[in-house]
Amino acid sequence: MTKVLRCLLVTLLFSFIVSPVVLADTEDETSGSIDIMGKVADHDYLELAGAKLYLPRILYADGSLDIYANTERAVESGKYMLDNGILVRADGTPVAIDFSITSHLMYVWFGILLTLIMTLAAARRYRRGTGTKTEPKGVLQNLFEVFFLFIRDDIAKEYIPDNKHHKFVTYLFSVFWAIAFMNLFGLLPWGVSATADLTVTATLAGITFVITQFNGSKDHWRHVFMFPGVHPLVRLILTPVEILGLFTKPFALAIRLFANMLSGKIMIICILGLIFIFTDTFGAAFGLGSSVIWVALTSVIYILKAFIALLQAYIFTLLSAVFIGMAVEEHHHEHDDSSVAHVTEANI
Amino acid sequence: MGLGFLGAGIGAGIIAIGAGIGIGLIGKGAVESIARQPEASGDIRGAMILTAAFIEGVALIGAIVCILLALAIGQ
């Protein structure tokens, strides 16, 4: 087994070393530079093995909804034109809302779809009795149960107090797997990690924000607007800080996931880019020689990224549970002597 | 233009120093408390990851600012 894996690793390493240098030669003729942001940006097509599948454009402008099969059709219709790769109205009026389906959105849907298939398959098994009357069967169901129990017992039950966690386990479990799948898609060849887009992570954090606020207990709102147990003048400062705190929590949640996935991707492109730079400066032989180091380093970062993909999904779920738990918590104690603890809690 | 790149680089370095000190202190505290009380290692690990995530979040905001700065100068 180890021997097979070792052979596979050497073959992969060799193919990785050869292909960048071949690409390095062709790259010079076309553009001469690597477009780092273009690799992580949102596109209007899905790419697989060099073939591009263009996605529909849906634009809302001037009170009417325009639907085109792809960007080219939109330009052909004469109503729109391309300006630096962005679709704008030909007559200069602004596009009100751009509902276009992009590559990141497709990968969000793939992530959600995989989560849905996984949970529905597991649910069907449990309904048939496998796992409830007998032991869970097969690797997949066992894995499912391990992760489900982990999220229910170690995340939801621990951080959401007063036995209120039942309502939120479904959200936490599905958001964990959706994010994990979205992160892991970025590791596939031609794959895109949708979470390396601020709009995607902001939407996810927004869902957590809405759930948190709609389930806030009376104590939660009293702590926001009328902080108990402090001088009224202090409330003048505390209330704005608390209201700001409501919004900084999901903001930090969105930025953390986005920045982690984006920086991992940029790091890999930059390190592989060193091969191109060395080939350019010192010649192909030096580039080929140095690529041994860079490809090995990239492989290590790749494994680290696989770990980070799951870790970030875990951290997002954990912090969502912590924020929800802080909102639904009911305080049973005297407020006068516990105000210090609440101030530190509010700073998170 | 060169000085701008230098600024982005120095900024990234300062972020690394700050985050390194912070996460180092968390690791120090966690290892020491696990050594003193090995039976509480599960709770300590959870608290450690949570705190490290907060520091990481701030550090990454800084890193993103540096990347955007460098890219804005490059254009």
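Since we're looking at a predicted model, the values are computed, not measured.

The rules we used
- Residues numbered from 1 in each chain as written.
- Chains lettered and ligands numbered in written order.
- Predicted model: local features only at pLDDT ≥ 70, side-chain atom pairs only at ≥ 80, totals over all residues.
- Helix = DSSP H or I, 4+ residues; strand = E, 2+ residues; numbered from the N terminus.
- Rg over C-alpha atoms; globule rule 2.2 N^0.38 Å.
- Buried ≥ 20, exposed ≤ 12 C-beta atoms within 10 Å, placed from the backbone.
- Contact = placed C-beta atoms within 7 Å.
- Core = buried A, V, L, I, M, F, W, Y, C linked by C-beta atoms within 7 Å.
- Pairing = 2+ DSSP bridges.
- Nonpolar A, V, L, I, M, F, W, Y, C, P; charged D, E, K, R; others polar.
- pLDDT = per-residue confidence, 0-100.
- Expected span 1.5 Å × (residues − 1).
- Bend = angle between axes of the 7 residues up to and from the residue.
- Axes fitted to C-alpha atoms, helices over the stretch in contact; angles between N-to-C directions.
- Parallel < 35°, antiparallel > 145°, perpendicular 65-115°, else oblique.

## Remarks on the overall build of chain B
Thought 1: The number of helices and strands found in chain B is two helices and zero strands.
Thought 2: A compact globule built from 75 residues should have a C-alpha radius of gyration of about 11 Å, whereas chain B, at 17 Å, is more than 25% larger.
Thought 3: Taken over the C-alpha atoms alone, chain B extends approximately 55 × 15 × 10 Å along its principal axes.
Thought 4: For chain B, the proportion of its 75 residues judged to be buried stands at 9%.

## Description of the overall build of chain A
Thought 1: Per the secondary structure count, chain A includes 11 helices and seven strands.
Thought 2: Across the 348 residues that make up chain A, the buried fraction comes to 26%.
Thought 3: A sequence separation of at least 24 residues applies to 67% of the contacts in chain A between residues at least 6 apart.

## Points about the nonpolar core
Thought 1: Judged by nonpolar contacts, the single largest core of 51 residues is most densely connected at A:L172, A:F176 and A:I179.
Thought 2: Where this core is concerned, the elements lending two or more residues are α4 (103–128), α5 (138–159), α6 (166–185), α7 (198–214), α9 (232–282) and α10 (284–328) of chain A together with α2 (41–74) of chain B.
Thought 3: Apart from the residues lying within four places of it in its own chain, the contact partners of A:I179 are A:T195, A:L204, A:A313 and A:F316.
Thought 4: In terms of nonpolar packing, the next biggest core, distinct from the first, is built from five residues, A:I275, A:F278, A:W294 and A:V295 among them.

## Here's the deal with the sheet that holds strand β3 (residues 57–61) of chain A
Residue and element names in this part refer to chain A.
Thought 1: Taken in spatial order, the three strands of this open sheet run β4-β3-β7, and their pairing is antiparallel. Looking along the sheet, the strands with just one partner apiece sit at the ends: β4 (64–68) and β7 (97–98).
Thought 2: As paired elements, β3 and β4 share five bridges and run antiparallel to each other. Following the sheet pairing, A61 is matched in β4 by S64.

## Description of the interface of chain B and chain A
Thought 1: Across the boundary between the two partners, chain B contributes 10 residues, which contact 11 residues of chain A.
Thought 2: Along the lines of polarity and charge, the residues of the side of chain B that touches chain A split into eight nonpolar, one polar and one charged.

## Observations regarding the confidence of the model for chain B
Thought 1: Summary statistics for chain B give a mean pLDDT of 86 and a share of 97% for residues scoring 70 or more.
Thought 2: Model confidence for the complex: the whole-complex pTM is 0.79, and ipTM, which rates the interface, is 0.73.

## As for the pairing of β3(A)
Residue and element names in this part refer to chain A.
Thought 1: A loop of two residues connects β3 with β4, the two strands running antiparallel in sequence, and D62 in this loop sits at a positive phi of about 55°.
Thought 2: Note that β3 and β7 share two bridges and pair antiparallel. When the bridges of β7 are listed, L59 appears paired with D98.

## So, the environment of A:A259
Thought 1: Along the chain, A:A259 falls in helix α9.
Thought 2: On the basis of neighbour counts, which here come to 24 C-beta atoms within 10 Å, the residue A:A259 falls in the buried class.
Thought 3: Placed 64 residues apart in sequence, A:A259 and A:T195 show a C-alpha to C-alpha distance of 9.0 Å.
Thought 4: Apart from residues no more than four positions distant in its own chain, A:A259 is found in contact with B:L60, B:I61, B:A63 and B:I64.

## Remarks on the environment of A:W109
Thought 1: Along the chain, A:W109 turns up in helix α4.
Thought 2: Along the sequence, A:W109 and A:R235 sit 126 residues apart, while their C-alpha atoms lie 44 Å from each other.

## Focus: α9(A)
Residue and element names in this part refer to chain A.
Thought 1: With 51 residues, α9 extends 70 Å between its outermost C-alpha atoms, agreeing within 8% with the 75 Å of an ideal straight helix rising 1.5 Å per residue.
Thought 2: When the local axis directions of α9 are compared, the greatest deviation, roughly 30°, occurs at L238, which is followed within four positions by the proline P240.
Thought 3: Phi turns positive one or two residues past the end of α9, at G283, with a value near 105°.

## Some remarks on the packing of α9(A) against α10(A)
A pair of packed helices is characterised by two quantities: the angle between their axes and the separation of those axes.
Residues and elements named next belong to chain A.
Thought 1: At their nearest, the axes of α9 and α10 sit 9 Å apart, and the two run at 175° to each other. Between α9 and α10, the interaxial angle falls into the category roughly antiparallel.
Thought 2: Of the residues contributing to the contact of α9 with α10, the split by class is 19 nonpolar, eight polar and two charged.

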